[in-house]
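Observations on the three-dimensional arrangement
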Amino acid sequence: MTENKGLKKSEYRKITTHVLQEMKLKSEKIAMLTAYDFSMAGILDAAGIDVILVGDSASNVMAGYSSTLPITLDQMIYHASSVMRAVKRALVVVDLPFGTYQGNSKEALSSAIRIMKESGANAIKMEGGREIIESVDRILSAGIPVMGHLGLTPQSIHKFGTYVVRATDDAEAQTLLEDAHLLEEAGCFSLVLEKIPAKLGGRVTNEIKIPTIGIGAGHDVDGQVLVLHDMLGITQKFSPRFLRRYHNLYEEIRGSVNSYIHDVKTVDFPNDREQY
Ligand code: KIV
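What counts and how
- Residues numbered from 1 in each chain as written.
- Predicted model: local features only at pLDDT ≥ 70, side-chain atom pairs only at ≥ 80, totals over all residues.
- Heavy atoms only, no water.
- Near = heavy atom within 4 Å.
- Polar contact = N/O pair within 3.5 Å; in protein donor to acceptor, adjacent residues only side chain to side chain.
- Areas by Shrake-Rupley, 256 points an atom, 1.4 Å probe, with all protein chains shown as cover.
- Domains from an automatic or database assignment.
- Helix = DSSP H or I, 4+ residues; strand = E, 2+ residues; numbered from the N terminus.
- Buried < 20%, exposed > 50% of the residue type's maximum accessible area, 1.4 Å probe, protein only.
- Contact = heavy atoms within 4.5 Å.
- Pairing = 2+ DSSP bridges.
- Axes fitted to C-alpha atoms, helices over the stretch in contact; angles between N-to-C directions.
- Parallel < 35°, antiparallel > 145°, perpendicular 65-115°, else oblique.
- Left-handed = near helix turned anticlockwise from the far one by under 90°.
- Nonpolar A, V, L, I, M, F, W, Y, C, P; charged D, E, K, R; others polar.

1. Observations concerning the site of the ligand
Taken together, the residues surrounding the ligand are Thr34, Leu53, Gly55, Asp56, Ser57, Asp95, Lys125, His149, Glu194, Ile215 and Val227. Here an oxygen atom of the ligand sits 2.9 Å away from a polar atom, N or O, in the side chain of Asp56. Here Asp95 contributes a side-chain N or O atom positioned 3.1 Å from an oxygen atom of the ligand. Notes on the ligand: free accessible area 260 Å², of which the protein chains cover 95%.

Below you can see the structure in the form of structure tokens.
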């Protein structure tokens, strides 16, 4: 992956849904991470991330709720427009939050239009299979690219009752496979597969032509996604098997803040060179 720091906008290969399709054809893996604000999104984009997901996980990691259900459409638009102001190259996908598309397809379309119009994002993501096909159709017919999301779908946590691995039995695996085909036929450009057996992740990926992005779905998928705060080690308690932590930013930030407090209290900061 290329580092983009220093390149002019005209020198980037802007990632589009078509580029992701090409990447699948060339067996080039897709790297996706979440971001919710201008500063982080700018770092991810400069590092060369392919896709930025403005996930409704913002409800957990930004707002401190215990599920993704409370976040509102206005709040998602706020996060998405902050991200859009930073991004030059990555494809930016925004989650339709809980309660803004399950009612009916007209409501789903107006939620998707608000996200696209008010944030300038490139695509939206929706959780679910056959039950959302009518909404997916309607949104796609308005020219808005849709990413699907199957397996563990956190907006349905109260139906599942737990965050355990999904589709471990044949019946649920078969339903997931059928839903993946339905979403592909409807015209989704990609699918997130969350917390399912690696074998099933590989099977879905082989059977459909659109790229699959896994989170806890093994390595035989077309790309991977993680929540930024989890992979940077800002969150501490969330430790599923699929999570690789690349940093312990919680400790690093805490250490820096401790040093700052110490320096202020001891009048070490500011020194003579740090004042006018
Ligand atoms: O909201 C989110 O961050 C997501 C990812 C976990 C795929 O949907």
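2. Here we look at the domain arrangement of the protein
Accessible area lost on assembly of the parts is the figure often given for the size of an interface. The domain boundaries assigned to the protein delineate domain 1 (17-245) and domain 2 (249-276). A separation of 39 Å is found between the C-alpha centroids of domain 1 and domain 2.

3. Examining the environment of Phe98
Topologically, Phe98 is positioned in the loop between β3 (91-95) and α5 (105-119). Under the relative-accessibility criterion, Phe98 is labelled partly exposed at 36%. Placed 25 residues apart in sequence, Phe98 and Leu73 show a C-alpha to C-alpha distance of 8.7 Å. In this structure, Phe98 is in contact with Leu69 and Gln155, ignoring residues within four places of it in sequence.

4. Notes on the sheet that holds β3
Pairing is parallel around the closed barrel formed by eight strands, whose spatial order is β1-β2-β3-β4-β5-β6-β7-β8. Averaged over all pairs of adjacent strands, the angle between strand axes in this sheet comes to 25°, irrespective of strand direction. Pairing of strand β7 (residues 212-215) with strand β8 (residues 223-226), which is carried by two bridges, proceeds in the parallel orientation. Across the sheet, the residue bridging to Gly214 is Gln224, located in β8.

5. Regarding the packing of α5 against helix α6 (residues 133-141)
A pair of packed helices can be characterised by two numbers: the angle between their axes and the separation between those axes. The N-to-C vectors of α5 and α6 enclose an angle of 45°; their axes lie 8 Å apart at closest approach. Considering the angle they form, α5 stands oblique to α6. The two elements α5 and α6 cross, and the hand of that crossing is right-handed. Here Ser105, Lys106, Ala108, Leu109 and Ala112 of α5 lie close against α6, whose contacting residues are Glu134, Ser135, Arg138 and Ile139. Its residues assigned to classes, the contact of α5 with α6 comprises four nonpolar, two polar and three charged.

6. A few points about unusual backbone geometry
Following Phe269, the chain continues to Pro270 via a peptide bond in cis, the omega torsion being -5°. The phi dihedral of Ala167 falls on the positive side, at around 55°, and the residue is not glycine. Within the element layout of this structure, Ala167 appears in the loop between α7 (157-160) and α8 (170-186). You can call Ala167 buried: its relative accessible area is 4%. A positive phi angle, near 55°, is found at Val267, a position not held by glycine.

7. As for the side chain of Ser105
Mapped onto the elements, Ser105 comes out in helix α5. For Ser105, a relative accessible area of 4% gives the class buried. Beyond its immediate chain neighbours, meaning those up to four positions away, Ser105 contacts Glu134, Ser135 and Arg138.

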